[in-house]
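Each chain, written out:
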Amino acid sequence: MVLGAIEFQERLAGVVAALDRVSAGVRIVCVTKTHPVEDLRVVLDAGCVDLGENYLGELEEKSRLLGVEYAPRWHFLGHLQRNKIARIAALCAEIHSVSRSEEIASLARRGFAGRIYLQVAAPGGGESRSGADAAEIPGLVEHARSLSVDVAGLMAMALPGSDAEVASYFRSVAQLADRLGLAEKSMGMSGDFLIAAAEGATVVRLGTVLLGQRSL
Ligand SMILES: *Cc1c(COP(=O)(O)O)cnc(C)c1O
């Protein structure tokens, strides 16, 4: 079912009002992964130009289907596969999921002119966790600066946990960003964006709360 324009605008207004009660000036990236291109037109028509996607193939297809009529600012949120980084760099304004020095070097080689966020791993999570340990982040920032890759800030993606645990992780990421002089904190998804905003998020990445359940 295609997203209704009124339905979307109402959800967006609700989210903006809730955010404003907690913190001023938080930017919203609308996460459109798995949603059809018709939905993206509804989102763009409502004035949301920052769109987040996780899979390069899907992003390229949507970019092609949207054509020249629409010019979203694409945000890449997914795993950065080595053989796809060049194409991700060519399309995206911001990449939120950088966590390895090889990825930074690869983006530099491609002359990536956008901004990156370094993802800080959530505590726990074991082998499958994504992101770099907090202790590695200062070195990665140095590496990026030495290669003239623009680090906008840090990204956090919480694991399931209590509100207090999620808040404590977001707080530690915000404090690390502040210590490193990084302005942006990309923290918070549909289930925890108000906690993130209270802990200093400057960017929230919202899918379900704006677009409804994903089909895949
Ligand atoms: C899918 C995704 C989101 C959006 O998730 P919702 O819970 O639907 O808001 C945000 N950030 C990342 C990194 C994602 O992969």
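One can find the structure itself at the top, above this paragraph.
Note that this is a predicted model, so its numbers are computed, not measured.

Visitor: Help me understand the overall build of the protein chain in this model?
Guide: From N to C terminus, the protein chain includes nine helices and eight strands. Taken against the 2.2 N^0.38 rule, which gives 17 Å for 216 residues, the C-alpha radius of gyration of the protein chain at 17 Å falls within 12% of a compact globule. Taken along the three principal axes of its C-alpha coordinates, the protein chain extends 45 × 40 × 30 Å. Counting only residues that meet the buried cut, the protein chain has 49% of its 216 residues in that class. A separation threshold of at least 6 residues defines the contact pool for the protein chain, and within that pool the share at least 24 residues apart is 53%. Surface exposure of the protein chain reaches about 10,300 Å², of which carbon and sulfur atoms provide 52%. Here the protein chain contributes 22 positive and 26 negative side-chain charges, whose respective centroids are spaced 4 Å apart.

Visitor: Looking at this structure, I do not really get the pairing of strand β8 (residues 203–206). What am I missing?
Guide: Two faces, one strand: in a regular strand the side chains alternate between the faces of the sheet. Residues Val203 and Arg205 of β8 are buried on one face, and the alternating residues Val204 and Leu206, pointing to the opposite face, are buried as well. When strand β1 (residues 27–31) meets β8, the two strands line up parallel, connected through four bridges. Considered in β8, the bridge of valine 29 is made with arginine 205.

Visitor: Please clarify how unusual backbone geometry should be interpreted in this entry.
Guide: Not every positive phi belongs to a glycine, and threonine 34 is a case in point at roughly 70 degrees. Here threonine 34 shows up in the loop between β1 and α2 (37–45). The exposure class of threonine 34 is buried, given its relative accessible area of 17%. You will see that serine 148, though not glycine, has its phi angle at about 60 degrees, which is positive.

Visitor: Help me understand the site of the ligand, please; the structure alone is not making it clear to me.
Guide: Near the ligand, the surroundings consist of 13 residues, among which Lys33, Asn54, Ser190, Gly207 and Thr208 are the closest. In the environment of the ligand, an oxygen atom lies 2.8 Å from a nitrogen or oxygen atom belonging to the backbone of glycine 207. Note that an oxygen atom of the ligand is positioned 2.6 Å from one of the side-chain N or O atoms of threonine 208. Here the residues of the shell around the ligand are counted per class, giving six nonpolar, four polar and three charged.

Reading the values: rules and limits
- Residues numbered from 1 in each chain as written.
- Predicted model: local features only at pLDDT ≥ 70, side-chain atom pairs only at ≥ 80, totals over all residues.
- Heavy atoms only, no water.
- Helix = DSSP H or I, 4+ residues; strand = E, 2+ residues; numbered from the N terminus.
- Rg over C-alpha atoms; globule rule 2.2 N^0.38 Å.
- Buried < 20%, exposed > 50% of the residue type's maximum accessible area, 1.4 Å probe, protein only.
- Contact = heavy atoms within 4.5 Å.
- Areas by Shrake-Rupley, 256 points an atom, 1.4 Å probe, with all protein chains shown as cover.
- Lys, Arg positive; Asp, Glu negative; His and termini not counted.
- Charge placed at Lys NZ, Arg CZ, Asp CG, Glu CD.
- Pairing = 2+ DSSP bridges.
- Near = heavy atom within 4 Å.
- Polar contact = N/O pair within 3.5 Å; in protein donor to acceptor, adjacent residues only side chain to side chain.
- Nonpolar A, V, L, I, M, F, W, Y, C, P; charged D, E, K, R; others polar.

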